[in-house]
Amino acid sequence: MQLLSNVRMARNDSESGTYAFSEPGALALRDGRIAWIGRDGDVPSDLAGAPRRDLGGRVVTPGLIDCHTHIVFGGDRAREFEMRLEGAGYEEIARAGGGILSTVRDTRAASENDLLSAALRRVDTLLAEGVTTLEIKSGYGLDIDTELKMLRVARRIAGERAVTVRTTWLAAHALPPEYRDDREAYLRDIVMAGMDLAHEQGLIDAVDGFCEGIAFSPDEMARVFDHAAGLGLPVKLHAEQLSDLGGAAMAARHGAISADHLEYLGADGIAAMARSGTVAVLLPGAFYTLRETKQPPVQGLRDAGVPMALATDCNPGTSPLTSLLLAMNMGATLFRMTPAECLAGVTVHAARALGLTDRGRIEVGQRADLAVWDIAHLAELSYRIGFNPLHARIVGGEFV
């Protein structure tokens, strides 16, 4: 047990997206949870003897949560990035061996230890900015063995670092060359059969897919979601990134915990998400990298009361981003989210997008995952670019 004194807390009791500072006060942490919140002079007698750490008036927020990443992968796509800037189109890059299938080849060829070593370097940059919970997807294997390998690596990350890792089955990410002429067989033999194995081995916490013209249709994803429901697994979906196929509305009908990207989301999709409580996960890193111009309907989501989360979408092709603070700045600058919405987007709403209710807020009973900052205003977390004001990270009540 320990007592954190002389702290200013960013409190959000209503989950409304509005944060406010408390007066300088104290937090008691016990058994990995927040046990008491109050003024320094009002510490209960049963806590008065706890070791005390004076935080010098610094700001404490919930630990940050990156709720959408593809952070385990082999190789990189820097040459593809260079080719795009030299004027190459999608087909030319694909003929040169680029695109998602190049990552698939590199990920299939890499050992678990090599994937772990590379992923940890990316993970460490996130943790250094106050991240305490991280979602990691599969999706660069497109065969059962490699998808399971990616998920084992993701689980190992939680053993190597002080961070909670939630894993997501994303075999419905793209169609591999060996199944180019048999989509049904891929969905049956890889996506759903592999899901069964991953679930049996305790490797997945949720199921995802890419619903787009270049990937899988809403009907195909609905069948994947029905299979997930049979295993008791929550679902989420990459939807409406390049066009409006109605994927978000379909996901909402299946009770999805989140729908992600959403640049082309229409009014019907917004209404469906509002009814189901599905979180909108916005990914400004991909928007920036791809130089998109169609913004997600932030005002429509606001008006409908759909909670908005932010994430890095860290991946080798469309969002090679390993800074959640920069994602917050992009959410404010590119999508016109308020700083309070950005902070809620990487704390309480990001937790909800992962189906977690025990973190993301500074409240008694919540998990003691916290970030301590050298800032004067909460807006600084979204305002600054390339500057990290983190003073300390607290995971499960322990300074790390």
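Residues numbered from 1 in each chain as written. Predicted model: local features only at pLDDT ≥ 70, side-chain atom pairs only at ≥ 80, totals over all residues. Heavy atoms only, no water.

The protein is annotated in an unreviewed UniProt entry as Imidazolonepropionase from Paracoccus stylophorae. One UniProt comment on the protein, placed under Pathway (unreviewed entry), says "Amino-acid degradation; L-histidine degradation into L-glutamate; N-formimidoyl-L-glutamate from L-histidine: step 3/3." (UniProt positions renumbered as here; feature names shortened; annotations may be inferred.)

Draft legend 1. Spatial organisation of the packing of aromatic side chains. Counted according to the given criterion, the structure contains 4 aromatic pairs. Where Y186 meets F216, the ring centres are 6.3 Å apart and the plane angle is 15°; that geometry is what we call stacked. Pair noted here: Y186 is in helix α6 (residues 183-200) and F216 is in the loop between β10 (206-211) and α7 (218-230), with a separation of 30 residues, a long-range link. Like F216, Y186 is buried. Over the face of the ring belonging to F399 we find R53, whose NZ or CZ atom lies 3.7 Å from the ring centre. Over the face of the ring belonging to F73 we find R122, whose NZ or CZ atom lies 3.7 Å from the ring centre. (Phe/Tyr/Trp six-rings, centres within 6.5 Å; stacked < 30°, edge-to-face > 60°. Helix = DSSP H or I, 4+ residues; strand = E, 2+ residues; numbered from the N terminus. Buried < 20%, exposed > 50% of the residue type's maximum accessible area, 1.4 Å probe, protein only. Lys NZ or Arg CZ within 6 Å of the ring centre and 35° of its normal.)

Draft legend 2. Representation of the pattern of salt bridges in the model. Counted under the stated rule, the structure contains 26 salt bridges. When the shortest N-O distance is used, the salt bridge between D42 and R39 registers 2.9 Å. In this structure R39 comes out as exposed when scored by relative accessible area, which is 59%. Shared partners join several salt bridges into a network, and the residues in it are R33, D358, R359, R367 and D369. (Salt bridge = Lys/Arg side-chain N within 4 Å of Asp/Glu carboxyl O.)

Draft legend 3. Spotlight on the UniProt feature "binding site: 4-imidazolone-5-propanoate" (unreviewed entry) in the protein. Here the UniProt feature "binding site: 4-imidazolone-5-propanoate" (unreviewed entry) sits at R77, Y140, H173, Q241 and T318. As for its placement among the helices and strands, H173 is situated in the loop between β9 (164-172) and α6. Within polar-contact distance, the side chain of H173 engages the backbone oxygen of G139 at 2.9 Å. Looking at the element boundaries, Q241 is found in the loop between β11 (236-239) and α8 (247-253). Each residue touching Q241, except ones within four places of it in the same chain, is listed here: F210, E212, H261, L262, E263, Y264, A286 and L290. (Polar contact = N/O pair within 3.5 Å; in protein donor to acceptor, adjacent residues only side chain to side chain. Contact = heavy atoms within 4.5 Å.)

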